[in-house]
Amino acid sequence: MSRTLIKLPLLAALSGCCIAAFSAQADIVIGVAGPFSGPNATYGAQYWKGASQAAEDINAAGGINGEKITLVQGDDACEPKQAVAVANRLVDQSHVAAVIGHFCSSSTMPASEVYEEAGIISITPGSTNPQITERRMTGVFRMCGRDDQQGAVAANYMFDKLKASKVVVIHDKDTYGQGLADATRAALKTHGTNAILYEGLSRGEKDFNALVTKIGALKPDVVYFGGCHPEAGPLVRQMREQGVEAKFFSGDCVVTEEMVTAAGGPQYTKGVLMTFGNDPRTIPEGKAVIDKFRAGGFEPEGYTLYAYASVQAIAAAFNAVGGPDSAKASEWLKSHSVDTVMGKKAWDSKGDLKVSDYVVYQWDDKGHYHPL
């Protein structure tokens, strides 16, 4: 039996932070940090499922140089201050050798500074703000692309396929959401298209009718939203309820079937467009793992396989350098590729993937998304 510890989050009322205790049998401790509570908890669940399965499979195959992986969980709720508290606890109390996380870029930015100062390698499966890797931190990597890459894909699609000339750009004022909106707006400008409205809303809001009225009066071809599904869902529903038929376009933070729930049903999400990496569930290298997830009743959507691949990358680097030496592992990852459940991955000197594979998806009338 694997010694990988898989626990649900423990509520820590005083600290506002969740950390799962780890087994005394563990040899190599890896933190998994992200939103395990709050409106974006679905992405934390994806991280945990992916990382847990990876650790279990790696341990069954002999672990890291014969040592077993144990996971510890840190809940940041996508709140930057909580992310810093989580990072410090993972470093000082759990003594992690590496971290898989965080999810929201606004959490990853400050938390990664804690890991960097402690000399601990970290890989984010889902944080896409370009500044995460532009700070030249030696131990920070990501398993996903960047907002300037997916923004360009979205802008190209609007220009080439939708022939859009009137685009409204809305964001959630968050590091991720506004960063993605800004990257998309900048890419639109390269096509000679300026946003006819650029405005922010606040995370946690649900009533966007005043904003929708303003949008409707402009009669845009496309409404582009930089943000996540808890706000994207109500926004697109209220657009449709007010008769605004503009194409709704967003990014990788609506890649969950909870988007449909947040919108109030597939009748509202039908036709919604979004950018995300080439669906990892279609990659042959991942078939055995995907089948294992599905046999257990879990669909590995969104960032599940990104988290799995992130653990694989850490394990490969630690195996190659003879143990959990973050400095050597970081150097090794920047000069070697890794075979993962998502195919072969390689990183540049910043910690970014050398190849980004963003494509455009569309939601159907059954509440599922498909690549175009």
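Residues numbered from 1 in each chain as written. Predicted model: local features only at pLDDT ≥ 70, side-chain atom pairs only at ≥ 80, totals over all residues. Heavy atoms only, no water.

The name that an unreviewed UniProt entry assigns to the protein is Branched chain amino acid ABC transporter substrate-binding protein, with the source organism given as Chimaeribacter coloradensis. Note on the protein: under the UniProt heading Sequence similarities (unreviewed entry), the record states "Belongs to the leucine-binding protein family." (UniProt positions renumbered as here; feature names shortened; annotations may be inferred.)

Draft legend 1. Quick look at the environment of A186. Note on placement: A186 falls in helix α6 (residues 175-189). The exposure class of A186 is partly exposed, given its relative accessible area of 43%. Along the chain, A186 and D148 lie 38 residues apart, while their C-alpha atoms are 8.7 Å from each other. (Helix = DSSP H or I, 4+ residues; strand = E, 2+ residues; numbered from the N terminus. Buried < 20%, exposed > 50% of the residue type's maximum accessible area, 1.4 Å probe, protein only.)

Draft legend 2. Region of interest: the domain arrangement of the protein. Under the domain assignment, the protein is made up of domain 1 (28-146 + 282-346) and domain 2 (148-277 + 358-371). Measuring from the centre of the C-alpha atoms in domain 1 to the corresponding centre in domain 2 gives 28 Å. Each partner contributes residues to the interface: domain 1 has 20 residues there, and domain 2 has 22 residues. The junction of domain 1 with domain 2 conceals about 1,600 Å² of combined surface from both sides, 44% of it contributed by carbon and sulfur atoms. Together, Y43, R146 and E301 form the three largest contributors to the area buried by domain 1 at its contact with domain 2, with a combined 30%. The interface formed by domain 1 and domain 2 holds 1 salt bridge in total. Across the salt bridge formed by R146 and D148, the nearest N and O atoms sit 2.9 Å from each other. Where domain 1 packs against domain 2, one counts 13 residue pairs in polar contact (both at pLDDT 80 or more). Elements supplying a minimum of two residues to the side of domain 1 that touches domain 2: α1 (41-60) and α3 (105-118). Its residues placed into classes, the side of domain 1 that touches domain 2 shows 7 nonpolar, 10 polar and 3 charged. (Domains from an automatic or database assignment. Contact = heavy atoms within 4.5 Å. Buried area = accessible area lost by both parts, 1.4 Å probe. Salt bridge = Lys/Arg side-chain N within 4 Å of Asp/Glu carboxyl O. Polar contact = N/O pair within 3.5 Å; in protein donor to acceptor, adjacent residues only side chain to side chain. Nonpolar A, V, L, I, M, F, W, Y, C, P; charged D, E, K, R; others polar.)

Draft legend 3. The arrangement of the pattern of salt bridges in detail. Tallied over the entire structure, the rule returns 17 salt bridges. Ionic pairing is found between E113 and R135, a salt bridge with its closest N-O pair at 3.6 Å. On the criterion of sequence distance, the pair formed by E113 in helix α3 and R135 in the loop between α4 (131-134) and β6 (140-142) is long-range, its members being 22 residues apart. Accessibility expressed as a relative area gives 44% for E113, which makes it partly exposed. Overall, the relative accessible area of 23% leaves R135 in the partly exposed class. Linked by salt bridges that have partners in common, E134, R142, R146, D148, K350 and D352 make up one network.

Draft legend 4. Main features of the nonpolar core. Of all hydrophobic cores here, the largest spans 97 residues; its most connected members are M158, I170, L235, F248, F249, F318 and L333. Per-element accounting of this core gives the leading share, 11 residues, to helix α12 (residues 304-321). Shared between two domains, this core takes at least three residues from each, and those domains are domain 1 (28-146 + 282-346) and domain 2 (148-277 + 358-371). Every residue in contact with F318, bar those within four places of it in the chain, is listed here: I28, I64, N65, A97, A98, I121, G323, P324, D325, S326 and A329. The next biggest cluster of nonpolar side chains, apart from the first, holds 14 residues, and it includes V29, V99, V114 and Y115. (Core = buried A, V, L, I, M, F, W, Y, C linked by side-chain atoms within 4.5 Å.)

Draft legend 5. A look at the pairing of strand β14 (residues 358-363). Across 5 bridges, the pairing between strand β11 (residues 273-277) and β14 is antiparallel. Paired with F276 across the strands is V359, a residue of β14. As paired elements, β14 and strand β15 (residues 369-371) share 3 bridges and run antiparallel to each other. The residue bridging Y361 from the neighbouring strand is P371, located in β15. (Pairing = 2+ DSSP bridges.)

Draft legend 6. A look at the packing of α1 against helix α11 (residues 287-295). Contact geometry for α1 and α11: axes closest at 12 Å, N-to-C directions at 115 degrees. The element α1 and its partner α11 pack so that their crossing is right-handed. Residues K49, G50, Q53 and D57 of α1 form the contact with α11, whose own contacting residues are V289, K292 and F293. (Axes fitted to C-alpha atoms, helices over the stretch in contact; angles between N-to-C directions. Left-handed = near helix turned anticlockwise from the far one by under 90°.)

Draft legend 7. Expanded view of the sheet that holds β11. The strand order across the open sheet built from 7 strands is β8-β7-β9-β10-β11-β14-β15, with neighbouring strands paired in mixed fashion. Each end of this open sheet is capped by a strand with a single partner; those strands are β8 (197-200) and β15. Within the sheet, the average angular offset between the axes of one strand and its neighbour, ignoring direction, is 25 degrees. Looking at chain direction, strand β9 (residues 222-226) and strand β10 (residues 247-250) are connected through 3 bridges and run parallel. In the sheet register, V222 faces β10, and the bridge partner there is K247. Lying over the sheet, helix α8 (residues 229-241) contacts β9 and β10, oriented at roughly 170 degrees with respect to β10.

Draft legend 8. A look at the state of the cysteines. Scanning all chains against the criterion turns up 2 disulfides. Across a sulfur-sulfur distance of 2.0 Å, C78 and C104 are joined as a disulfide pair. Disulfide C78-C104: torsion about the S-S bond near 85 degrees, hence right-handed. With C78 in the loop between β3 (69-75) and α2 (80-92) and C104 in the loop between β4 (98-100) and α3, this pair connects stretches of sequence that are 26 residues apart. C104 shares its class with C78; the two are buried. The residue that forms a disulfide with C228 is C253, at a sulfur-sulfur distance of 1.9 Å. Its torsion about the S-S bond being 85 degrees, the disulfide of C228 and C253 is classed as right-handed. (Disulfide = S-S within 2.5 Å.)

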